[in-house]
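# Remarks on the overall topology
Spelled out, the chains give:
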Amino acid sequence: MRRVANGEKSAFEVLYLRYAPRVQGFFVRMLRRDYEKAQDFTQELFLKVYKSRNNYEKGIEFSSWIFSMAYNMCKNEYRHQSVVEEHESFLVVDPVLSEGPLFEK
């Protein structure tokens, strides 16, 4: 990461090639085998890594840092899903109530 922070593009490529398969496997497991979402999350994570390259604290294991970011992305996704599910439950239309004069009023 130090080399990435110094602007070495080849260093970022090395990190990506080394960690992308492991991170994507993590996302596949955490996102209930949604392979497309896992690919999207992997790309998004590496964008975050690149954007945060100057915030990386030396001495912290890179794998711990990147997997904690991946875990937080999953937690945020779970929160988002629960909010969506909660609001979708209010949108369920009862077919009995959606017919007749009461519905028209």
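Going by the structure above, here's the rest.
In short, a report on the structure.

Cut-offs used in this document
Residues numbered from 1 in each chain as written. Predicted model: local features only at pLDDT ≥ 70, side-chain atom pairs only at ≥ 80, totals over all residues. Heavy atoms only, no water. Phe/Tyr/Trp six-rings, centres within 6.5 Å; stacked < 30°, edge-to-face > 60°. Helix = DSSP H or I, 4+ residues; strand = E, 2+ residues; numbered from the N terminus. Buried < 20%, exposed > 50% of the residue type's maximum accessible area, 1.4 Å probe, protein only. Salt bridge = Lys/Arg side-chain N within 4 Å of Asp/Glu carboxyl O. Core = buried A, V, L, I, M, F, W, Y, C linked by side-chain atoms within 4.5 Å. Expected span 1.5 Å × (residues − 1). Axes fitted to C-alpha atoms, helices over the stretch in contact; angles between N-to-C directions. Parallel < 35°, antiparallel > 145°, perpendicular 65-115°, else oblique. Left-handed = near helix turned anticlockwise from the far one by under 90°. Contact = heavy atoms within 4.5 Å. Nonpolar A, V, L, I, M, F, W, Y, C, P; charged D, E, K, R; others polar.

Turning to the packing of aromatic side chains, a few remarks are in order. Scanning all chains against the criterion turns up 10 aromatic pairs. Between the aromatic rings of Tyr19 and Phe62, the centroid separation amounts to 4.9 Å while the plane-to-plane angle is 65 degrees, which identifies the pairing as edge-to-face. Pair noted here: Tyr19 is in helix H2 (residues 9–30) and Phe62 is in helix H4 (residues 62–90), with a separation of 43 residues, a long-range link. Accessibility expressed as a relative area gives 9% for Tyr19, which makes it buried. For Phe62, a relative accessible area of 9% puts it in the buried group. Put simply, the rings of Phe12, Tyr16, Phe46 and Tyr50 pair up and form one aromatic cluster.

Let us now look at the pattern of salt bridges. This structure, assessed with the given rule, holds 3 salt bridges. With a closest N to O distance of 2.9 Å, Glu8 and Arg3 form a salt bridge. Lys48 is the salt-bridge partner of Glu44, the closest N and O atoms lying 3.8 Å from each other. Taken as a pair, Glu44 and Lys48 lie in helix H3 (residues 35–51) at a separation of 4 residues, close to a single helical turn. The class of Lys48 is partly exposed, set by a relative accessible area of 33%.

Moving on to the nonpolar core. Membership of the largest hydrophobic core comes to 25 residues, with the highest contact counts inside it found for Met1, Phe27, Leu45, Val49, Phe62, Trp65 and Ile66. Secondary structure elements with two or more residues in this core: H2, H3 and H4. At 9 residues, H2 tops the list of elements feeding residues into this core.

A few words now on H2. Along its 22 residues, H2 runs 30 Å from first to last C-alpha, staying within 8% of the 32 Å computed at 1.5 Å per residue. Restricting attention to buried positions, one finds in H2 the residues Ala11, Phe12, Leu15, Tyr19, Ala20, Val23, Phe26, Phe27 and Val28.

For the rest of this paragraph, the subject is the packing of H2 against H3. The geometry of H2 relative to H3 is characterised by a closest axis approach of 9 Å and an angle of 140 degrees between their N-to-C directions. If you check the angle between H2 and H3, you find them oblique. Along this stretch, H2 crosses H3, giving a crossing that reads as right-handed. Contact residues: H2 offers Phe12, Leu15, Tyr16, Tyr19, Ala20, Val23, Gln24, Phe27 and Val28, while H3 offers Tyr35, Ala38, Gln39, Phe41, Thr42, Gln43, Leu45, Phe46, Val49 and Tyr50. Of the residues that constitute the contact of H2 with H3, the class distribution is 15 nonpolar, 4 polar and no charged.

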